[in-house]
Amino acid sequence: MLDGHCMTAIPERLSAALADRYTIERELGAGGMATVFLAEDLKHKRKVALKVLRPELAAVLGAERFVQEITTTASLQHPHILPLFDSGEADGFLFYVMPYVEGETLRDKLNRETQLGIDEAVRITTEVADALDYAHRHGVIHRDIKPENILLHDGRPMVADFGIALAVSAAAGGRMTETGLSLGTPHYMSPEQATAEKDLSARSDIYSLGSVLYEMLTGNPPHTGASVQQIIMKIVTEEAAPVTALRKSVPPNVAGAVAQALEKLPADRQSGAQEFAAQLRGQVPVAGTTRVHPAVTEAKQGRRAIAALGALSTILLVAAIWGWTRPPTELPVIRYQMAIPPAEAVNSGAPVMGRRLALSPDGMQLAYVGAAGPSGGYELWLRNRGQLHAMRIPGTESGRRPFFSPDGTRLGYFTADQSLRAVSLTGEPPTTLNSGDLSASGGAWGSDGYVYAASRGQGPGDGTGIVRVPEGGGGAEVVTTIDTSRGERIHEWPVVLPNQKGALFSVVTSPGLTGRRIAVVDHRTGQHRHLVEGVAAWYAPSGYLVYVTADGTLIATPFDQDRLEITGPGHAVLDGVGVHALGADVTLSASGTLMYMTGTSGFAVQPVWVDRQGRAEPIDPEWTFPSAALYSTTALSPDGTRLVVSQQDESGQHLWVKQLPRGPNAKLTFDGTLNSRASWAPDGRTVVFVSDRSGVNRIWRQVADGSGQAELVAEHPANEGFFSPDGAWFIYRGIAGDRHVYARRTEGDTAVLTVARSERGEEVAPTLSPDGRWIAYVSDESGRDEVYVRPFPDVTRMKQQISAGGGVEPRWSHSGNELFYRSEADEVVSVPILLSGSGFTTGARQVLFSMGDYLPANRYQPTYDVVPGDQRFILTKRVTGDREAGFGELIVVENFLEDLRGRMDP
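Predicted, not measured: the structure shown is a model, and the values here were computed from it.

Draft legend 1. The arrangement of the sheet that holds strand 44 (residues 698-703) in detail. Judged by pairing direction, the sheet is antiparallel, and its 4 strands sit side by side in the order 42-43-44-45 without closing on themselves. Single-partner strands in this sheet number two, and they are strand 42 (675-680) and strand 45 (711-712). Relative to strand 44, strand 43 (residues 686-691) is paired through 6 bridges, and the arrangement is antiparallel. Within the sheet, the bridge partner assigned to Ser691 lies in strand 44 and is Arg698.

Pasting the structure below:
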């Protein structure tokens, strides 16, 4: 099978049960029926793909019957069929073994290229058809031909999982509805498969292969839709558009062969896969090539009307086709954890930036905030839930808070500079809908042609709350106005109701998660009212308001979207939802699929000493804690005896002070939901930090032992601040929209000094040299982040670039003769600083060690500190496998609307 990335831990029981036959190395992926592992066949000394059926499926099948059924396919030997090596049962696990093939699937190729060349598409199809013909002559029907099951090894197709669907179906003995799994993929199902006919012929595989060829030629399967039900109804009742209508260069024989393969009635298709292949090669004429542009006869219309009537009468069995119903009418609620390979994981540093997840209306596409690369940053990723791997969405660097358009073809999101953008999922580059007027506090795409978002200028001085922008781009129109008489500070996280009569949104009334309300605005009057206490809300199409509370409980209550009113009591439907300072990672599709992140949405870390050669040693082996990476703090006191760090808990992100090396770790901050970016005052007595406790990020300071009250350092909003070594200056950096560096004196003339402000970029992460004469910072004025140094306070005298090829996280040595930074290659680089009078020169850059095992790069503040003596550093290392320390899991709830109906109307 194809190579991939390790996704989850290998079950110990499985490894032990197969230890005498196979050594399991890592997980390659997970599909609808099985999880695939790369393993070593100990007897034959070869790599193999070990497929283990999902536990709920194995429980229904039974080992003996499954092994009996699957052995009927073991004799298939064909150049284009991936053979079956082994199968069996081990300690309750049902498994089968196939060769491990390096390469890619046809799905991977289509994801990359969308459409294939006609000759290549025909070649792949004819070779797969040859494999089908061979299998059909041996009495085996595949039942699940799709791009994911066609492997490309050196360009040569090999069909995987031959006969597995048949074996599973036969072993289940009609009990597939108990498994919650499907046999067949909707886009490639034949009409007879879609209407749950039990006895399928070889012509069902021909239809599926014709659908695959159709997609290779046109870029899409013959029938698409917003839900499984829509796709199936189209398969049963609608003609597929002829391929020549979508790609004129397709030869008549190929177009005719595709049209015949996609006929609704099996008898109207090719007699076998060999005939289909011969038609594609031009060796056999297509019977009645007018099928390329079919004129449906009255008789055929009658047949299709009967088929449609049959489909309508069995629409309640659609979920049985997919294994999604409890016969005859009730859909089962299926919950599971969705595994994502580490290289494609949801960005663990993004929770403080708001929601990271968005589901398409049909629930099949998951958009999320993921890593941008090894040097840090983030961008948007897209995971088709029918595939094993996600893909980056080009052009979405620094994208956050994604949301889908109503038709699922576009994705809205915000960038670091608060611009509202949209990207087409068909390959076109992103476009800017609104630049600079909006906050990144969530967006929603209404069916009325507008995109809803929060106003950037929210607050008592600006009464604007939620606004909307035309989906084609333009100025913002006011939707809600902040009512300060009710204590409202911020409006955020809009959700447009399907009937377009109003929108739900969140209201912040005070710092902390408990000071939030769910409100609704009436579009006709512009008036809004509070509904319930909650952090964020969604509308379930079945008529419920679903919202999450500060403690991570998801509650549903009946809601009339016409009257914009709650009409009944609420009921808790699940708990454990990850809630953080800027929202909750929950997404609900129109089709009824729910996804959410659990826990504190962070991950576990352990502070370590690291020498200049990169050798790491835990500071305190017993000390690990959950940390949110984006606004992390690692700041060492001037004497090197105490360390202030940021930790995540149920109330938000707070600062703790640790006595080094193995002394107590005491919580320093208790107010607000986001306390971060800490530094020490020069005397080492107080800690200066950013906090949202006043409703807006400002700079505060607190005595390091926790005594006394925190005091506000400056009234103006800021996202970074510290005092110069002599205490004469306070240096700070502005918030979003004004990310530049400023300073003011603490006594006398306190006029603001502009330290670094470019017109072409942002200046962040300022840090002063120990003598207070030089200030280093990060700027992207050149188009990429680089480290610069200016004299201080005479900042206009000169400016020198220190990094080369990208750099962030500058830190001065205690001697002042060295400047460290983090390179784009994710390495700590040392640059000698040679002072000479009023200037300085730099020596040769030296790479010290890689930071790949530590916190991801952060352009806003260093994630490490330098120990006095300049021979060691303090870094925070990720800790794997510690769920209780704050790892978030991605949970999927299929048929969530059925769960609501069952709970709300038992």
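Draft legend 2. Seen up close, the confidence of the model for the protein chain. Looking at the protein chain as a whole, its pLDDT mean stands at 82, while 82% of the residues score no less than 70. Every residue in residues 289-329 is under pLDDT 50, and counting partners more than four places away or in other chains gives 79 contacts. With pLDDT under 50 throughout, residues 881-887 is counted as low confidence; its partners more than four residues away or in other chains account for 22 contacts.

Draft legend 3. Just the sheet that holds strand 49 (residues 753-756), in detail. The 4 strands are arranged 46-47-48-49 in an open sheet whose pairing can be described as antiparallel. Two strands close off the open sheet at either side, each with one partner strand: strand 46 (720-723) and strand 49. If you compare each strand with its neighbour and ignore which way they point, the axes differ by 25° on average. Here strand 47 (residues 729-733) pairs with strand 48 (residues 741-745) via 5 bridges, running antiparallel. Bridging across to strand 48, Trp729 finds its partner in Arg745.

Draft legend 4. Quick peek at the pattern of salt bridges. Throughout the structure, instances matching the rule amount to 50 salt bridges. Glu148 is paired through a salt bridge with Arg107; the nearest N and O atoms lie 2.9 Å apart. With Glu148 in the loop between helix 5 (118-137) and strand 7 (150-153) and Arg107 in helix 4 (residues 106-113), the pair connects residues that are 41 residues apart, well separated along the chain. Asp560 is the salt-bridge partner of Arg563, the closest N and O atoms lying 3.0 Å from each other. The class for Asp560 is partly exposed, based on a relative accessible area of 21%.

Draft legend 5. Representation of unusual backbone geometry within the structure. With omega at 0°, the peptide bond leading from Leu660 into Pro661 counts as cis. Topologically, Pro661 is positioned in the loop between strand 40 (652-659) and strand 41 (665-667). Residue Pro793 is reached from Phe792 by a cis peptide bond, and omega for that bond is 5°. Residue placement: Pro793 occurs in the loop between strand 52 (786-791) and strand 53 (800-801). For Asp826, which is not glycine, the phi dihedral falls at a positive 65°. Following the sequence through the fold, Asp826 ends up in the loop between strand 55 (818-823) and strand 56 (827-836). With relative accessibility at 7%, the residue Asp826 sits in the buried group. For Asp870, which is not a glycine, the phi torsion comes out positive at approximately 65°. You can see Asp870 is positioned in the loop between strand 59 (865-866) and strand 60 (872-878).

Draft legend 6. Structural view of the packing of aromatic side chains. Considering all chains together, one arrives at 14 aromatic pairs under this definition. Each ring, one from Tyr777 and one from Tyr788, has its centre 6.0 Å from the other, and the planes form 25°; the classification is stacked. Pair noted here: Tyr777 is in strand 51 (residues 774-779) and Tyr788 is in strand 52, with a separation of 11 residues, a long-range link. Residue classification places Tyr777 among the buried positions, given a relative accessible area of 1%. For Tyr788, a relative accessible area of 4% gives the class buried. Site record: aromatic cluster; members linked through ring pairs are Phe723, Phe730, Tyr732 and Tyr742. Looking at Arg693, its charged tip hangs above the ring of Trp700, at a distance of 5.3 Å from the centre.

Draft legend 7. Structural context of the nonpolar core. Formed by 50 residues in total, the largest nonpolar core has its most connected members in Leu106, Leu213, Met216, Leu217, Val258 and Phe276. Ranked by residue count, the leading element in this core is helix 5, at 10 residues. Contacts of Leu106, omitting those with residues within four sequence positions, involve Leu116, Ile124, Pro147, Ile150, Leu152, Val212 and Met216. Among the nonpolar cores identified, the runner-up in size contains 30 residues, and Trp774, Val808, Tyr821 and Val831 belong to it.

Draft legend 8. Structural context of helix 5. The end-to-end C-alpha separation of helix 5 is 28 Å, in line with the 28 Å expected for 20 residues at 1.5 Å each. Looking one or two places after helix 5, you find Gly139, whose phi comes out positive at around 80°.

Draft legend 9. Quick peek at the pairing of strand 12 (residues 378-384). For strand 12, the buried fraction is high: 6 of the 7 residues fall into the buried class. Pairing of strand 11 (residues 365-371) with strand 12 involves 7 bridges; the strand directions are antiparallel. Across the sheet, the residue bridging to Tyr368 is Trp381, located in strand 12. Taken together, the 2 bridges between strand 12 and strand 13 (residues 391-392) define a ladder with antiparallel strand orientation. Across the sheet, Leu382 pairs through a bridge with Met391, a residue of strand 13. What sits between the antiparallel neighbours strand 12 and strand 13 is a turn of 6 residues.

Draft legend 10. Structural context of the pairing of strand 61 (residues 890-894). By the criterion of burial, strand 61 is predominantly enclosed, with 5 of the 5 residues buried. Direction of pairing for strand 9 (residues 334-337) relative to strand 61: antiparallel, over a ladder of 4 bridges. By the bridge assignment for strand 61, Arg335 is matched with Val893.

Draft legend 11. Inspection of the packing of helix 11 (residues 252-261) against helix 12 (residues 273-281) at higher detail. Running from N to C, helix 11 and helix 12 cross one another at 155°; their axes reach a closest spacing of 7 Å. Between helix 11 and helix 12, the crossing angle belongs to the class labelled roughly antiparallel. Across the interface between the two elements, Asn253, Val254, Ala257, Val258, Gln260 and Ala261 from helix 11 touch Glu275, Phe276, Gln279, Leu280 and Arg281 from helix 12. Taken together, the residues of the contact of helix 11 with helix 12 sort by class into 6 nonpolar, 3 polar and 2 charged.

Draft legend 12. Here's a closer look at the environment of Arg486. Along the chain, Arg486 turns up in the loop between strand 21 (477-478) and strand 22 (490-496). On a C-alpha basis, the gap between Arg486 and His530 in space is 9.9 Å, while along the polypeptide they are 44 residues apart. Look past the residues within four positions of Arg486 in its chain and what remains in contact with it is Thr509, His528, Arg529 and His530. At a separation of 3.1 Å, a polar atom in the side chain of Arg486 contacts the side chain of Asp483.

Draft legend 13. Structural view of the environment of Lys264. Here Lys264 is to be found in the loop between helix 11 and helix 12. For Lys264, a relative accessible area of 7% translates into the label buried. Along the sequence, Lys264 and Thr237 sit 27 residues apart, while their C-alpha atoms lie 8.2 Å from each other. Separated by 3.5 Å, the side chain of Lys264 and the backbone oxygen of Lys234 make a polar contact. At a separation of 2.4 Å, a polar atom in the side chain of Lys264 contacts the main-chain carbonyl oxygen of Glu238.

Conventions and cut-offs
Residues numbered from 1 in each chain as written. Predicted model: local features only at pLDDT ≥ 70, side-chain atom pairs only at ≥ 80, totals over all residues. Heavy atoms only, no water. Pairing = 2+ DSSP bridges. Helix = DSSP H or I, 4+ residues; strand = E, 2+ residues; numbered from the N terminus. pLDDT = per-residue confidence, 0-100. Contact = heavy atoms within 4.5 Å. Axes fitted to C-alpha atoms, helices over the stretch in contact; angles between N-to-C directions. Salt bridge = Lys/Arg side-chain N within 4 Å of Asp/Glu carboxyl O. Buried < 20%, exposed > 50% of the residue type's maximum accessible area, 1.4 Å probe, protein only. Phe/Tyr/Trp six-rings, centres within 6.5 Å; stacked < 30°, edge-to-face > 60°. Lys NZ or Arg CZ within 6 Å of the ring centre and 35° of its normal. Core = buried A, V, L, I, M, F, W, Y, C linked by side-chain atoms within 4.5 Å. Expected span 1.5 Å × (residues − 1). Parallel < 35°, antiparallel > 145°, perpendicular 65-115°, else oblique. Nonpolar A, V, L, I, M, F, W, Y, C, P; charged D, E, K, R; others polar. Polar contact = N/O pair within 3.5 Å; in protein donor to acceptor, adjacent residues only side chain to side chain.

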